[in-house]
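Understanding the architecture of this molecule
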Amino acid sequence: VLALAVAAILLRPGAVPPTGSSPSAAVVPSASAPSSETPTASPAAQVSPSASTPVPTPHTSPTPPPVAGARVPAGFRPMSVTFISAAKGWVLGSAPCATGRCPAIARTLDGGKTWTAVNAPGTTIGAEPSVDVSGTGIVGLRFANARDGWAFGPELWSTHDGGASWTRLDVLSHAPVVALESANGSTHAVAFDGAQGYRIASSLIGTDSWTTSPVSIAVGAGPVPVIQLVLSGASGWVLENDRVVTGGARLVGGAWRTWQPVCSDVVGPAFIDASAPSDLVAVCDVGAWSNALGEHLYVSRDAGVTFKETGVATPFDMASGVATPSRSTVVVAGFDTKGAAMVGSFDGGHTWAKVFSSATVSLSGLGFTTTTQGVVVATAANGASQLLMTHDGGRTWSAVTF
């Protein structure tokens, strides 16, 4: 259980609300929030102030697209989930290949009932990025609509034809991308700049032209910095944990600004998610590195400017992610005395009920596409994984068959 708990902190999932999205420096699979299939954002309002505009590296994936309707390869292991509507979604996973395991992508058009194979970038499975990253490959996937998508972690690849072809991009001079989300007509990526800081690059959906915000989030003093990126409409938040809450940024009026995150003084990490541009929740491990007082829920109704603690502490020894599809519903993933678990509150955090438990897996990528439909990836110690989905707002979860 201790090993799984450590893995859960390293593989921090990002929770995604119906109108935004979220994730982490560990670039763990996370569910992408639905965007309109036709971007409607105003270009001038969506891109952060520019420090540089990198040019995409002309490197197109050599892997030929599979035949339309091709079966998902045997042995497929899901890692990262992204939905643009209740029906249309993609899962990045790994499948057996000549070199061991290689990236594979599955697509559904009916809410996960049936799946077909889609072309994946011609690269490797990546490792979780951190400040000393020198690796290659991908572990995360996001689509903004049926055409525009990105695979990342630590490399960054884009497609603008639904996955028929992929192009490798260069953001911040090949800096490792540790989180990426799309909302409101724009895509935002967090990358380590190689000088002990994280920077945020932004691009209009449908283009490969990126601008870099002047905001920099310093790496903390702990050994494993973890970035979370959450978007909801025109609002956005970046929070860094490095054992404790270390720093952050907030998207306001189309520009990223330095933000003092919630729970900066609780001597523990925090996990955030949003159900609307003004509605942000945080689960904070109060006193994790001093006098442990448990996982407490904090709620903001002013886009993260102020927070108020709500209800009783969640029944966890250690949280690893949170998702909130509405003001009343909050689902938290983490660990209790018996192993991995999820608890849900359906009254805004005043009462909690266990909705999932397992002594043999860890959970990542918790997120919701709609107020009722959500996803999470359950991974065993040997690497075998399953995609679990809920269709009743997080009260029950069942495994998906590819």
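Residues numbered from 1 in each chain as written. Predicted model: local features only at pLDDT ≥ 70, side-chain atom pairs only at ≥ 80, totals over all residues. Heavy atoms only, no water.

1. Some thoughts on the overall build of the protein
What the protein contains, in helices and strands, is two helices and 30 strands. Within the protein, buried positions represent 59% of all 402 residues. Excluding contacts between residues fewer than 6 apart, the proportion of contacts in the protein whose partners are at least 24 apart in sequence is 49%. Approximately 14,200 Å² of the protein is accessible, and the part contributed by carbon and sulfur atoms is 57%. (Helix = DSSP H or I, 4+ residues; strand = E, 2+ residues; numbered from the N terminus. Buried < 20%, exposed > 50% of the residue type's maximum accessible area, 1.4 Å probe, protein only. Contact = heavy atoms within 4.5 Å. Areas by Shrake-Rupley, 256 points an atom, 1.4 Å probe, with all protein chains shown as cover.)

2. Observations concerning the state of the cysteines
Counted by the stated rule, this structure contains two disulfides. Each disulfide pairs two cysteine sulfurs, and for C97 the partner residue is C102, the sulfurs being separated by 2.0 Å. When the S-S torsion is 70 degrees, as for the bridge of C97 with C102, the disulfide is right-handed. Each disulfide pairs two cysteine sulfurs, and for C263 the partner residue is C284, the sulfurs being separated by 1.9 Å. Measuring the twist about the S-S bond at about 85 degrees, one finds the C263-C284 disulfide to be right-handed. With C263 in the loop between strand 18 (255-258) and strand 19 (270-276) and C284 in strand 20 (residues 279-286), this pair connects stretches of sequence that are 21 residues apart. Summarising the burial analysis for this pair, C263 and C284 share the class buried. Cysteine pairing for the protein (bonded cysteines numbered in sequence order): 1-2, 3-4. (Disulfide = S-S within 2.5 Å.)

3. Points about unusual backbone geometry
Going from G153 to P154, the amide bond is cis rather than trans, its omega being 0 degrees. Note on placement: P154 falls in the loop between strand 8 (149-152) and strand 9 (156-159). Backbone geometry at S173 places phi at a positive 55 degrees, although glycine is not the residue there. Residue position: S173 is located in the loop between strand 10 (167-168) and strand 11 (177-183).

4. Some points on the sheet that holds strand 20
One open sheet holds the four strands; their spatial order is 19-20-21-22, and the pairing between them is antiparallel. With one partner strand each, in any of the chains shown, strand 19 and strand 22 (308-309) form the two edges of the open sheet. Pairing of strand 21 (residues 294-300) with strand 22, which is carried by two bridges, proceeds in the antiparallel orientation. Of the residues in strand 22, the one forming a bridge with Y298 is E309. (Pairing = 2+ DSSP bridges.)

5. Quick word on the pattern of salt bridges
In this structure the tally under the stated criterion is five salt bridges. A salt bridge links R301 to D279, with the shortest nitrogen-to-oxygen separation between them at 3.7 Å. In this pair, R301 is assigned in the loop between strand 21 and strand 22 and D279 in strand 20, connecting sequence segments 22 residues apart. On the basis of relative accessible area, R301 is assigned to the partly exposed category, the value being 38%. Measuring nitrogen to oxygen at the nearest pair gives 2.7 Å for the salt bridge that ties K354 to D336. Note that K354 is positioned in strand 26 (residues 353-358) and D336 in strand 24 (residues 330-336), a separation of 18 residues in sequence. A relative accessible area of 45% places K354 in the partly exposed class. (Salt bridge = Lys/Arg side-chain N within 4 Å of Asp/Glu carboxyl O.)

6. Some points on the sheet that holds strand 28 (residues 374-380)
Taken in spatial order, the four strands of this open sheet run 27-28-29-30, and their pairing is antiparallel. If you trace the sheet from one side to the other, it starts and ends with strand 27 (361-368) and strand 30 (398-399), each paired once. Sheet topology places strand 29 (residues 385-390) next to strand 30; two bridges connect them, and they run antiparallel. From the neighbouring strand, L388 faces strand 30, where its bridge partner is A399.

7. Some thoughts on the environment of A104
Relative to the helices and strands, A104 resides in strand 5 (residues 100-108). Exposure remark for A104: the relative accessible area of 10% places this residue in the buried category. For A104 and R77, which are 27 residues apart along the polypeptide, the C-alpha to C-alpha distance reads 8.8 Å. Look past the residues within four positions of A104 in its chain and what remains in contact with it is P73, F76, V91, L92, G93, S94, A95 and A120.

8. As for the packing of aromatic side chains
Summed over all chains, the structure comprises six aromatic pairs. On the basis of an interplanar angle of 65 degrees and a centroid distance of 4.9 Å, the ring pair of F76 and F402 is categorised as edge-to-face. With F76 in the loop between strand 2 (59-60) and strand 3 (77-83) and F402 in the segment after strand 30, this residue pair connects regions lying 326 residues apart in the sequence. Site record: aromatic cluster; members linked through ring pairs are F76, W115 and F402. Sitting over the ring of F346, R395 keeps its end group 4.0 Å from the ring centre. (Phe/Tyr/Trp six-rings, centres within 6.5 Å; stacked < 30°, edge-to-face > 60°. Lys NZ or Arg CZ within 6 Å of the ring centre and 35° of its normal.)

9. Thoughts on the pairing of strand 28
Burial within strand 28 is extensive, with five of its seven residues counted as buried. Pairing analysis gives six bridges linking strand 27 to strand 28, with the strands arranged antiparallel. Within strand 28, the residue paired with S362 across the bridge is T379. Remark: five residues form the turn of the hairpin made by strand 27 and strand 28, two consecutive strands paired antiparallel. Bridging between strand 28 and strand 29 involves six bridges; their strand directions are antiparallel. Counted as the bridge partner of T379 is S385 from strand 29. Between strand 28 and strand 29, which follow one another and run antiparallel, lie four residues, and G383 among them has a positive phi close to 95 degrees.

10. Points about the side chain of D170
Mapped onto the fold, D170 is located in the loop between strand 10 and strand 11. Within the structure, D170 has its side chain in polar contact with the backbone nitrogen of S173 (distance 3.1 Å). Among the polar contacts listed, one links the side chain of D170 to the backbone nitrogen of H174, at a separation of 2.4 Å. (Polar contact = N/O pair within 3.5 Å; in protein donor to acceptor, adjacent residues only side chain to side chain.)

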